[in-house]
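Listed below are the residues making up each chain.
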Amino acid sequence: MARTTGSQLFSNVLRVLAIVLGQILIFVFACSLLGEELYYQCVSFDSTVTQLIQQNPRISTTVVTLIATALSLVSSLLFGLSVREAMRHKMGKPTSLIEISTGIALVKGSAIFKLDCRRYAMWSAITWIAFSWTTLLMPSLVDCKFDVTGTELDLASPAFVQLLQTELAVYSPLQSAVHDDSFPIIDIGGSLSGISAAGTSFALPGIFNFNGVKYNTSTGGVLPAIRDYAGSTQNPGPDGARLSFAGGRVLTNTTLHPAMSEAGAAQWLGIQRNFSVYQQGLTAEVTCIPASESQYQLNLVNNYTSSLMPSQGQDYYVWGWDSTANCNGSSPSIQQYVTLANSTNQPDEQGSGFLPAVVCPGQRNATNQSFQKFVIATQGYYKYSFLPSTVCEVTPFLTTVLVSYSSEIVEASGIVENRTLDSSNSELLLFLAGVANYEARQAQGTTTNSIGDALFSIYSSTADVASPILNGTQQVYAELENYWRGVVEFSATFLRSGYSAYGAFESDTIPSNMTAPINGTMLMLTMGWADRGGLYFLSVLPLCLVTILTILTGAYSITKLWGERRNIQTQTPFDVSDTLHLVTACAAGGLQTGPGKFSDFSKDGLKENEAIKLVLQEDRVNQKKLVVVGVRRFDWADISLTKVMVVFPE
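Residue positions are given per chain, counted from 1 along the sequence in the order it is written. Only residues with pLDDT of 70 or above have their local features reported here, since the model is predicted, and side-chain atom pairs are shown and tallied only from 80 upward, although totals for entire chains, interfaces and linings are computed over all residues. Hydrogens and waters are ignored; side-chain quantities use all the structure's heavy atoms.

**Side note on the pattern of salt bridges**
Side-chain pairs of opposite charge can arise where the charged atoms are in close proximity.
Then step 1. The term salt bridge refers to a pairing of a side-chain nitrogen on Lys or Arg with a carboxyl oxygen on Asp or Glu at a separation within 4 Å. Under the defined criterion, the tally for this structure stands at seven salt bridges.
Then step 2. Glutamate 393 is the partner of lysine 373 in a salt bridge, and the nearest nitrogen-oxygen pair spans 3.7 Å. With a gap of 20 residues between them, lysine 373 in strand 13 (residues 371-378) and glutamate 393 in strand 15 (residues 390-406) connect regions that are remote in the sequence.
Then step 3. The buried label goes to any residue with under 20% of its type's maximum accessible area, the exposed label to any with over 50%, and the partly exposed label to all in between, with areas taken from a 1.4 Å probe on protein chains only. Lysine 373 gets classed as buried once you look at its relative accessible area, which sits at 14%.
Then step 4. For glutamate 393, a relative accessible area of 18% corresponds to the buried category.
Then step 5. For the salt bridge of glutamate 489 with arginine 485, the shortest nitrogen-to-oxygen distance reads 3.2 Å. With a gap of four residues between them, glutamate 489 and arginine 485 both fall in helix 12 (residues 472-500), about one helical turn apart.
Then step 6. Since its relative accessible area comes to 5%, glutamate 489 is described here as buried. Secondary structure follows DSSP: runs of H or I at least 4 residues long count as helices, runs of E at least 2 residues long count as strands, and numbering of each begins at the N terminus.

As structure tokens, this is what we get:
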């Protein structure tokens, strides 16, 4: 008979520790996955893998199932090995047959379905952990949420207003005057923005494109803060920034949280990304009413002088118009136009139109004498005669607007708050008035007016062809109001673009005293994992129980191994789940003899057999045998959940 040597003891303890440590590592891996999902709320694949999974879902399902099955098999194997080792020590003392049967089932990872073995069945069912790994590992379509923060140009900041004043003074020394010679791009952009905004009055679709950015209806006075929606990627020319902006790449300063690197941003795009960002915008409240009802007595007067222009074909006349209006009771503001008339010095009243407009900037609020608005005096002639002498009051607002970025479209329609301009923003107001004045002058051609044509054509497309203007001037006014609102919003976007363009500032960075904070969220639809609440915790529960029980059974085995160091006999291996070991031990013990004679296979007989207690003995020649040591009617009420799996009580 050999003694248990120190090396044997160390080897046995090390084997048990390896089993426990392996189970702990598997559980830690599961918890790390869960923790990653809970911390980041979303874990996704890169775009390539996402597209592959979406196109071939069976492949991903197969791979995940194989991985989940492998992990569950390893975990079940480690648990079974731990139980087997513990059962070897447990059976050294009297153990009921039902406990031995349960231990065998646990070692083999089998479930017990006997109705009167509910507690054993519950414990054996925890070995069914494949579904836990499948739940943890199976990717699905998820919405990953990221926080968006950053800065953008603040049109209301004192530093920017001072810079704007300095640069406008280069073109117009008189601060009260409107100068608009620096807006060549607005000739097209402002008009299109106004037309797009006006069309919404009649439910017409309007996608306005400026600098490669698609705006829904109008710009809302914002500049895209998201790089993928910022439009042109070409740097502006040497003199193509600020007020001379004619298109080009603009600065964006936004960051995603959790952070995503520049390289990662290109790879982790998901299937679709939608942004909702709170930004500074600019819009206007425009009210157009007949001049006779307005508080502003502008007295718009349109006079012309005609000049005969000889021609080789047919002579024609050129009319030079002086449109004047009394702004703020001071000297009249003048807008000049040129139109054509036929050889009889008469305009074509059916095919031509004249729509003069005079902008009066810097209208002061009656209560605090601050600059808050400007007014436009206009009147239609000939083809546009449906528009009587009209005064439009334009009150710009700085806004905080929720801008949505989706499907390559930028929409700034969710105004959260707004405030009017004041004396500190007078230069901004004069700029907006200057753009409106430029549009009013440039819109008029020699025979038609683009504003008038927009009003007429949009209205015509929604009314009776024979009589396009059916509902009086109110709907015309509503259309005109939207037009000028669109022009004002575009003016702000143009201004932001010019001063956010590459080359506008040194180091291509907007000074911090000219910026305003922005914030929002990004939702990315992708393939991956997201926080599923209680489902994930439920899926980890079997893994947690298996790990705890593996640790407890391992601790039990190590305790018994430490006690065996005093035995004079060695404990050779015995696998209770091995049929050869079990039959050999039963035969050696002669179980059919003695006081514990077994009953038959009837229901009552098997019930009685459950209570028979056996003990694993080892004689001096290392022969193992199972012998009956007592018979007691087994009572399930005696089973306590505080005893580890009921198979290891002392």
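**A closer look at the environment of asparagine 418**
Then step 1. Of note, asparagine 418 is situated in strand 16 (residues 409-420).
Then step 2. Owing to a relative accessible area of 46%, asparagine 418 belongs among the partly exposed residues under this scheme.
Then step 3. C-alpha separation for the pair asparagine 418 and phenylalanine 397, spaced 21 residues apart in sequence, amounts to 5.9 Å.
Then step 4. Contacts are assigned to residue pairs that have any heavy atoms within 4.5 Å of one another. If near-sequence neighbours (up to four positions away) are discounted, asparagine 418 is found in contact with Phe397, Leu398 and Thr399.

**Section: the packing of helix 3 (residues 57-90) against helix 4 (residues 97-108)**
Then step 1. Running from N to C, helix 3 and helix 4 point in directions that differ by 155°, and their axes come no closer than 8 Å. One element, helix 3, and the other, helix 4, form an angle in the roughly antiparallel class. In this structure, helix 3 meets helix 4 at a crossing whose hand is left-handed. Contacts from Phe79, Gly80, Val83, Arg84, Met87 and Lys90 in helix 3 reach Glu99, Ile100, Gly103, Leu106 and Val107 in helix 4.
Then step 2. Asp, Glu, Lys and Arg are counted as charged, while Ala, Val, Leu, Ile, Met, Phe, Trp, Tyr, Cys and Pro are counted as nonpolar; the rest, among them Gly, fall into the polar class. Counted by class, the contact of helix 3 with helix 4 contains six nonpolar, two polar and three charged residues. Structural elements are reduced to axes, namely lines fitted to C-alpha atoms, with helices fitted over the stretch in contact, and the angle between N-to-C directions of any two is expressed from 0 to 180 degrees. Here roughly perpendicular refers to angles of 65 to 115 degrees, roughly parallel to angles under 35, roughly antiparallel to angles over 145, and oblique to all remaining angles. When the near helix sits turned anticlockwise from the far one by under a right angle, the crossing is termed left-handed; a clockwise turn instead gives a right-handed crossing.

**Remarks on the pairing of strand 9 (residues 316-325)**
Then step 1. Strand direction decides the pairing type here: strand 8 (residues 301-309) and strand 9, joined by nine bridges, are antiparallel. Its bridge partner lying in strand 9, valine 301 is registered against threonine 324.
Then step 2. Strands pair, by our definition, only if DSSP identifies at least two bridges between them. Between strand 8 and strand 9, which pair antiparallel and follow one another directly, the connecting turn spans six residues.
Then step 3. Across nine bridges, the pairing between strand 9 and strand 10 (residues 333-341) is antiparallel. Pairing of tryptophan 319 across the sheet is with threonine 339, part of strand 10.

**With respect to the sheet that holds strand 8**
Then step 1. In space, the three strands of this open sheet follow the order 8-9-10, with antiparallel pairing throughout. Edge positions in the sheet fall to strand 8 and strand 10, since each has one partner strand and no second. The mean angle between the axes of side-by-side strands here comes to 20°, regardless of whether they run parallel or antiparallel.

**A short note on the state of the cysteines**
Then step 1. Disulfide: a pair of cysteine sulfur atoms within 2.5 Å of each other. For the coordinates displayed, the defined rule picks out two disulfides.
Then step 2. Here cysteine 288 pairs with cysteine 392 through a disulfide, and the sulfurs are 2.0 Å apart. Looking along the S-S bond of the cysteine 288-cysteine 392 disulfide, the torsion reads about 110°, which is the right-handed sense. Note that cysteine 288 is positioned in strand 7 (residues 272-290) and cysteine 392 in strand 15, a separation of 104 residues in sequence.
Then step 3. The buried category is assigned to cysteine 392, whose relative accessible area is 0%.
Then step 4. With its sulfur 1.8 Å from that of its partner, cysteine 327 forms a disulfide with cysteine 360. For the disulfide bridge between cysteine 327 and cysteine 360, the dihedral angle about the S-S bond is near -60°, and by the sign convention the bridge is left-handed. Taken together, the residues cysteine 327 in the loop between strand 9 and strand 10 and cysteine 360 in strand 12 (residues 357-364) connect sequence positions 33 residues apart.
Then step 5. Cysteine 31 takes part in no disulfide bond, and the closest cysteine sulfur, belonging to cysteine 544, lies 7.1 Å away.

**So, empty space enclosed by the protein**
Then step 1. As defined here, a cavity is a set of points on a 1 Å grid over the protein atoms alone where a 1.4 Å probe fits but cannot get out. A pocket is an open set with protein on both sides within 12 Å along at least five of seven lines, and residues line them when an atom is within 4 Å of a point. Grid points are joined across faces, edges and corners, and a volume is the space filled by probe spheres set on the points. Per the stated rule, a full pass over the model turns up three cavities of 30 Å³ or more.
Then step 2. Computed from the structure, the second largest cavity encloses a volume of approximately 60 Å³.
Then step 3. Forming the walls of the second largest cavity are Trp319, Thr339, Leu340, Pro347, Ser352, Gly353, Phe354, Tyr382, Thr446 and Thr447.
Then step 4. Residues belonging to the lining of the second largest cavity are distributed by class as follows: five nonpolar, five polar and no charged.

**Here we look at the environment of leucine 168**
Then step 1. Here leucine 168 lies in helix 7 (residues 158-171).
Then step 2. Linking leucine 168 and leucine 243, residues 75 residues apart in sequence, is a C-alpha distance of 8.7 Å.
Then step 3. If we skip the residues at most four places from it in the chain, leucine 168 touches Leu243, Glu427 and Phe431.

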